[in-house]
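Structural overview
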Amino acid sequence: MSSVKKWPDSPEARAALKEYLDNALSRSPDSIGPEDTLGGDDLDFSGADLSGLSLIEAWFIAANLSDVRLVGADLYRSCVNGASLDGAILDGADMRKVNARGCTAVGAKIRGADARSAALDSADFREVDFSGSDLRQASLSGSDLRNARLDGCKYLDTRLIRSRLGGASVSGGQGSVYGPADVGVTEPRIIGGGELYQWFRDHGAPEVVVLEL
């Protein structure tokens with residue numbers, strides 16, 4: 001396991017992280033139980049650089065992760081419901097099956113991340129850079145993706161139902177998505193089926209297929 005590059009400013013968050021890492025040294029990677037996961041709910045991790053850490057199934061419900069660096073971190077099946085990730089950097093992170101419903105991540109960088117089967121519903125992803133990320137079978141239903149960068153993303157049955165895509169860039173995207181979605185910039189414009197397919201084509205993503213439930 002990689003070492004902590006920069007510890008959180010909060011003593012409570014530092015203590016929780018230290019306990020988790022100390023326990024990690026004494027356990028087998030194949031025998032992780034609930035008692036072995038990081039309990040970071042409601043804690044303030046601001047000021048931290050947790051890049052490269054294994055944080056599998058960590059709990060960050062309603063935690064403050066704003067501006068925290070998590071580059072290349074392993075967040076497989078972690079739970080960040082309602083957390084603040086504004087300005088965080090998660091480039092190359094393993095976010096498979098992450099549960100991040102209702103989180104806010106305005107301006108975060110999540111480039112080249114593996115977010116397959118992640119639950120990212122009802123989240124605030126305005127101006128987030130998802131460029132090159134794998135969003136296959138992920139759900140972003142009801143999320144705000146206005147002015148986000150989704151260039152080169154991979155989709156497969158990805159749920160964008162009632163997501164807000166106004167001003168988002170989607171060039172080079174490939175795969176299948178579920179609509180309808182709101183593509184309005186100044187006022188709502190909910191479209192699906194052929195209209196949404198044409199919207200993707202007009203924005204440089206002719207290989208995105210639109211599905212309907």
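Here goes a summary of the coordinates provided. (Residues numbered from 1 in each chain as written. Predicted model: local features only at pLDDT ≥ 70, side-chain atom pairs only at ≥ 80, totals over all residues. Heavy atoms only, no water.)

Moving on, we get to the overall build of the protein chain. Check the secondary structure of the protein chain and you find two helices and five strands. The helix and strand sequence of the protein chain, counted from the amino end, reads α-β-β-β-β-α-β. Relative to its length of 213 residues, the protein chain is compact, with a C-alpha radius of gyration of 18 Å against a globular reference of 17 Å. Taking the principal axes of its C-alpha atoms as reference, the protein chain extends roughly 55 × 35 × 25 Å. Within the span of the protein chain, comprising 213 residues, buried residues form 49% of the whole. (Helix = DSSP H or I, 4+ residues; strand = E, 2+ residues; numbered from the N terminus. Rg over C-alpha atoms; globule rule 2.2 N^0.38 Å. Buried < 20%, exposed > 50% of the residue type's maximum accessible area, 1.4 Å probe, protein only.)

This part covers empty space enclosed by the protein. According to the stated counting rule, one finds two cavities of 30 Å³ or more in the structure shown. Size it by volume and the largest cavity reaches roughly 120 Å³. Lining the largest cavity we find 17 residues, and of these Val80, Leu85, Leu90, Met95 and Val98 sit closest to its centre. Split by residue class, the lining of the largest cavity holds 16 nonpolar, one polar and no charged. Approximately 40 Å³ is the volume found for the second largest cavity. Together, Leu135, Leu140, Leu150, Tyr155, Leu160, Leu165, Val170 and Phe200 line the second largest cavity. (1 Å grid on protein atoms, 1.4 Å probe; cavity = no way out; pocket = protein on both sides within 12 Å on 5 of 7 lines; lining within 4 Å. Points joined across faces, edges and corners; volume = space filled by probe spheres on them. Nonpolar A, V, L, I, M, F, W, Y, C, P; charged D, E, K, R; others polar.)

To continue, consider the pairing of strand 2 (residues 174-179). Every other side chain in a regular strand lies on the same face of the sheet, so the side chains alternate between the two faces. Judged from the two bridges that link them, strand 1 (residues 158-159) and strand 2 form a sheet pairing that is parallel. In the sheet register, Thr158 faces strand 2, and the bridge partner there is Val177. Bridge analysis of strand 2 against strand 5 (residues 207-212) gives six bridges, and the strand direction is parallel. Across the sheet, Ser176 pairs through a bridge with Val209, a residue of strand 5. (Pairing = 2+ DSSP bridges.)

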